[in-house]
Amino acid sequence: MDKSTKTPSKDPLFQVYLRLRPPIQPQLAKQKSDPWLIVEPTTTPVEENTKSFPSHVTLQTPRDSNRRWIEQFSFTKVFEEVASQLDVFEETGSIDILKSVLQTGKDGLIATLGVTGSGKSHTILGSESQRGLTQMTLDLLFTSIGDNIRRADSTLLSALKASDVSEAKILSAATFLDTSNSDGDWAEISNARLPFSRAQTPMMDSYAAPDHPASRQSTFPRQPDVSSYSIEVDPTNEYVVLVSMYQVYMNDIKDLLSSSASSNAPTMSTRPRAAQQQKKGLPFKNTKMSPDRKVVAGLQKIVCGSYDEAMRVLRRGLKERNTASTGSNNVSSRSHAFFCIEVKKKIAMRGHADSVTPAWTGGTLSIIDLAGTERMDNAKTTGLTLAEAGKINVSLMHLGRCLEMQSEGSKAVIPFRRCKLTELLFSNSFPSSSSHAATYRPQKAVMIVTADPSGDFNATRHILKCSALARDFKVSRIASTTSTILRTTSVCKGANGGRTSPQDMINSYLTAQELEQATNEATRFAEKCVALEVRLAEEEMKRVEAEAAAEAAEEQLMDMEQQVREECWIEMEQHLEEEKERWRDAWEQEKTQNEAFMDGKLGILEKTTQFHIHEDAAEARVEELERENESLRAKLRALEQELQTRSPTKRSRGGSKSPVKGIILQETANINIATNPFLASLKARDSDLTIRAKSSEGDMHGTSEISPRKQSLRRSNVSHATVEEQPPTTVKKQRKLTTRKWDLGDPNGF
Ligand SMILES: Nc1ncnc2c1ncn2[C@@H]1O[C@H](COP(=O)(O)OP(=O)(O)OP(=O)(O)O)[C@@H](O)[C@H]1O
């Protein structure tokens, strides 16, 4: 019974290697008589003095009684427990990848994937005595470049900055290490339990030695030795090595070097992890100078001139990485860490006006230590660590799905845009469709899957199932129980001396028949059971996948919702703007109409007012009245003169008694006619007098020239005239005024 067979893809995006972890306590492992992960011996003949590595492993259910379910997984190569760090370095094609980076500028990627505690960090970063892939790669790189390495100076830094496609901040290693050491608390740093200083596998054996610039003596492990390897470089060219590091933590990209460089920041051990979570992630995108390839923009890159400098930078960055103690691993990685080694060489670039400018270009080798999958119940985590584990598991599930699909064939669309991790790992694996990308070559990628054969069966099976290049699934036939029983019975009989009665034989025959039936039944049930178990496992996997798909769909839905909301918002704003515009136009129109209407009204009013002004001609009237006054004054003067000539002794008394004279004196005291109401009334009275005079004249000459207004005035002034002619009270008042006038007045005028 064969099921779920997966054939290997001809050209997978990732070459997948399996590395098995040796048991931490071998004596305990020996007691385990029931291995469930078996490495199939290699069938291809190997040449003498060459190492052979198998490519298949078989996984069978761990319980003896049910050992019927067998799965076979194929990988590019399988490294058994005894494989060394150097074996992994040599046989995973790491040297070839570095060669492509160095010679052709093609990007490379080496990553580890596995259950927590299965040896990912050990493979990438090594142990106290053994170097990992990162150290061996850096050593080989610097050895190969040799004297062609260009040391950092200000000219180089500005040239590198100008030609960097990822908008990076570039520093020399000396500046970076000096700055990050400037907090001066060496004792604290060196004595701190560093994030990479795992209980059993610290990366280097001399953490206590401070990496102060003054102490330049190398204290890093030198084994395994890679000096026998070398990559050919262009001897006429100069090379620059830039190291950058970042982690994907809670689905965000965080620079591991910028915080330590910006330095007086507390070390990882003292900084609250929740606070770090707040830091904004860096973008992974195409930039202006990199239209064909996505890059993490804004990283801090350090120019390293030697292996030791690069190691110091690496150590600084590792301090910033998020780790935590879980139920599965004392110092478990809580983030996916990316170590990027960029090699640049100088090339002549034809710029504007045919000027040739030197620029630095090259490729990047990314070495990635992924966080491990873990079962929540095994991990015994809570709070933030539990949330981290959730994010890790989701991102690894997406990665598993992508790897699974790459082995399903070229037609499958790999859903790598579902999370940051898969985007980072897969984005640059495909040929670019951009028109600028004529020279762009997709990266070379290697995935090293680590597994602990004495660890968790289900978790390991899941990882193998996702990552294997091919899978074969079958249920094996079980041995006949009847034959076993009969064999046992005959053995017992042999022990009784070999004598058998006919009844015994019949009984034996019946028993055998019954037993055979029972056994057949049992076998049938057992097979059914196995089939059900297999189905259950398949369903379980489907459930996990469905959950992942549901989660991805939910995220997609949220994105879509967000997009729809934004579109609606933009549309609404447009409508609002249009409506505002419409209202503004209507308002303007109405305003113009109103103004025109008001102008018209004002025009009419103005015309009317002008008519009245013209009709009444107030000023002209005043002038006319003044003239009349003048003539009256003249008459008065004449009368006074006449009085003076008539009786000089009575002049003073008689003069003051004259009501006319009193009025004239009063008028003289209040010279300002316009502002003085009394004078105004006097004028009115004068005018009345004038009117009367005129009327008397009019009586003589007719009244046809007097306007209706003047006529009304005349009517109203009849009473005034009566008052003026009413002595004696009015006369008394006038007398007072007359006296004052005489004190102040001009004898020649009024
Ligand atoms: N090949 C190996 N040889 C010797 N020891 C190993 C090997 N692989 C792993 N180990 C040991 O197993 C322990 C766990 O390994 P490691 O920390 O590398 O696991 P991990 O997969 O990175 O875990 P996590 O995902 O939690 O970070 C280490 O202490 C290490 O010493």
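Residues numbered from 1 in each chain as written. Predicted model: local features only at pLDDT ≥ 70, side-chain atom pairs only at ≥ 80, totals over all residues. Heavy atoms only, no water.

- If you check an unreviewed UniProt entry, the chain appears there as Kinesin motor domain-containing protein from Knufia peltigerae.
- A UniProt comment under Sequence similarities (unreviewed entry) is attached to the chain, and it reads "Belongs to the TRAFAC class myosin-kinesin ATPase superfamily. Kinesin family." (UniProt positions renumbered as here; feature names shortened; annotations may be inferred.)

## Considerations on the overall build of the chain
Part 1: On a plain count of helices and strands, the chain comes out with 24 helices and 19 strands.
Part 2: Burial statistics for the chain: of 750 residues in total, 43% are counted as buried.
Part 3: Expressed as a percentage of contacts within the chain between residues at least 6 apart in sequence, the contacts between residues at least 24 apart total 75%.
Part 4: Per element, the accessible surface of the chain, about 41,200 Å² overall, is 55% carbon and sulfur. (Helix = DSSP H or I, 4+ residues; strand = E, 2+ residues; numbered from the N terminus. Buried < 20%, exposed > 50% of the residue type's maximum accessible area, 1.4 Å probe, protein only. Contact = heavy atoms within 4.5 Å. Areas by Shrake-Rupley, 256 points an atom, 1.4 Å probe, with all protein chains shown as cover.)

## Quick look at the UniProt feature "binding site: ATP" (unreviewed entry) in the chain
Part 1: Mapped onto the present numbering, the UniProt feature "binding site: ATP" (unreviewed entry) falls at Gly114, Val115, Thr116, Gly117, Ser118, Gly119, Lys120 and Ser121.
Part 2: Turning to its location among the elements, Gly114 is positioned in strand β7 (residues 108–114).
Part 3: Those residues within four positions of Gly114 in sequence are excluded, and the remaining contacts are Lys120, Ala371, Gly372, Thr373, Thr450 and Ile463.
Part 4: Assignment of secondary structure puts Gly117 in the loop between β7 and α4 (120–125).
Part 5: Take Gly117: its relative accessible area is 24%, and that puts it in the partly exposed class.

## Let's talk about the pairing of strand β2 (residues 14–20)
Strand residues, when the strand is regular, have side chains that alternate between the two faces of the sheet.
Part 1: Burial of β2 is extensive: 6 of the 7 residues sit out of reach of the surface.
Part 2: The pairing of β2 with strand β18 (residues 444–451) spans 7 bridges and is classified as parallel. Note on β18: the bridge partner recorded for Gln15 is Val446.
Part 3: Here 3 bridges tie β2 to strand β6 (residues 77–79), and the two strands are oriented parallel to one another. In the sheet register, Arg19 faces β6, and the bridge partner there is Phe79. (Pairing = 2+ DSSP bridges.)

## Some details on helix α5 (residues 133–145)
Part 1: Over its 13 residues, α5 extends 18 Å from the first C-alpha to the last, a length consistent with the 18 Å expected when each residue adds 1.5 Å.
Part 2: Within α5, 12 of the 13 residues are buried, which leaves the element mostly enclosed by the surrounding structure.
Part 3: The positive-phi residue at the C-terminal boundary of α5 is Gly146, with phi of around 55°. (Expected span 1.5 Å × (residues − 1).)

## Focus: the packing of aromatic side chains
Part 1: All told, the structure shown has 5 aromatic pairs when counted by the stated rule.
Part 2: Geometrically, the ring pair formed by Phe14 and Phe426 is tilted, given 5.1 Å between the ring centres and 55° between the ring planes. Separated by 412 residues along the polypeptide, Phe14 in strand β2 and Phe426 in helix α14 (residues 420–426) bring together distant segments of the chain.
Part 3: What makes Phe14 buried here is its relative accessible area of 0%.
Part 4: Judged by relative accessible area, which is 0%, Phe426 ranks as buried.
Part 5: Ring geometry for Tyr246 against Phe338: centres 4.8 Å apart, planes inclined by 15°, an arrangement best described as stacked. Placement of Tyr246 in strand β9 (residues 239–249) and of Phe338 in strand β16 (residues 336–350) is noted, with a sequence separation of 92 residues between them.
Part 6: By relative accessible area, Phe338 is classed as buried at 1%.
Part 7: Through pairs of rings, three or more aromatic residues link up here, namely Tyr17, Phe53 and Phe79. (Phe/Tyr/Trp six-rings, centres within 6.5 Å; stacked < 30°, edge-to-face > 60°.)

## With respect to helix α15 (residues 457–467)
Part 1: With 9 of 11 residues buried, α15 is to be regarded as a mostly interior element.
Part 2: Among all positions in α15, only Phe457, Ala459, Thr460, Arg461, Ile463, Leu464, Lys465, Cys466 and Ser467 are buried.
Part 3: For α15, the capping residue at the N-terminal end is Asp456, with a side-chain oxygen 3.2 Å from the backbone nitrogen of Asn458. (Polar contact = N/O pair within 3.5 Å; in protein donor to acceptor, adjacent residues only side chain to side chain.)

## Quick look at empty space enclosed by the protein
Part 1: Counting across every chain of the model gives 7 cavities of 30 Å³ or more.
Part 2: Those elements giving two or more residues to the lining of the largest cavity turn out to be β7, β9, β12 (290–296), β16 and β17 (356–369).
Part 3: Broken down by element, the residue count for the lining of the largest cavity peaks at 4 residues, all from β12.
Part 4: Taken together, the residues of the lining of the largest cavity sort by class into 11 nonpolar, 7 polar and 5 charged. (1 Å grid on protein atoms, 1.4 Å probe; cavity = no way out; pocket = protein on both sides within 12 Å on 5 of 7 lines; lining within 4 Å. Points joined across faces, edges and corners; volume = space filled by probe spheres on them. Nonpolar A, V, L, I, M, F, W, Y, C, P; charged D, E, K, R; others polar.)

## Looking at the pattern of salt bridges
Part 1: Tallied over the full model, the rule gives 20 salt bridges.
Part 2: Between Asp139 and Arg131 there is a salt bridge whose closest N-O contact spans 2.8 Å.
Part 3: Taking the relative accessible area as the measure of exposure, Asp139 reaches 10% and is therefore buried.
Part 4: Linking Glu404 and Lys465 is a salt bridge whose minimum nitrogen-to-oxygen distance equals 2.9 Å. Taken together, the residues Glu404 in helix α13 (residues 383–406) and Lys465 in helix α15 connect sequence positions 61 residues apart.
Part 5: Judged by relative accessible area, Lys465 falls into the buried class, the value being 6%.
Part 6: Salt bridges sharing common partners tie together Asp164, Lys301, Glu342 and Lys344. (Salt bridge = Lys/Arg side-chain N within 4 Å of Asp/Glu carboxyl O.)

## Examining the side chain of Gln443
Part 1: In this structure, Gln443 sits in the loop between α14 and β18.
Part 2: At 2.8 Å, the side chain of Gln443 forms a polar contact with the backbone oxygen of Leu425.
Part 3: Of note is the side chain of Gln443, whose polar atom sits 2.8 Å from the side chain of Ser429.
Part 4: For Gln443, the residues in contact, after removing those within four places along its chain, are Lys106, Asp107, Gly108, Leu109, Leu425, Asn428 and Ser429.

## Overview of the packing of α5 against helix α11 (residues 307–319)
Part 1: One way to put it is that α5 packs onto α11 with a least axis distance of 9 Å and a crossing angle of 150°. Classed by the angle they form, the pair α5 and α11 counts as roughly antiparallel. The way α5 lies across α11 gives a crossing that is right-handed. Every residue of α11 that contacts α5 at Thr134, Gln135, Leu138, Asp139 and Phe142 is listed here: Tyr307, Ala310, Met311 and Leu314.
Part 2: A per-class count over the contact of α5 with α11 returns 6 nonpolar, 2 polar and 1 charged. (Axes fitted to C-alpha atoms, helices over the stretch in contact; angles between N-to-C directions. Parallel < 35°, antiparallel > 145°, perpendicular 65-115°, else oblique. Left-handed = near helix turned anticlockwise from the far one by under 90°.)

## Quick look at the side chain of Ser172
Part 1: In this fold, Ser172 is placed in strand β8 (residues 169–172).
Part 2: Given the relative accessible area of 10%, Ser172 is considered buried.

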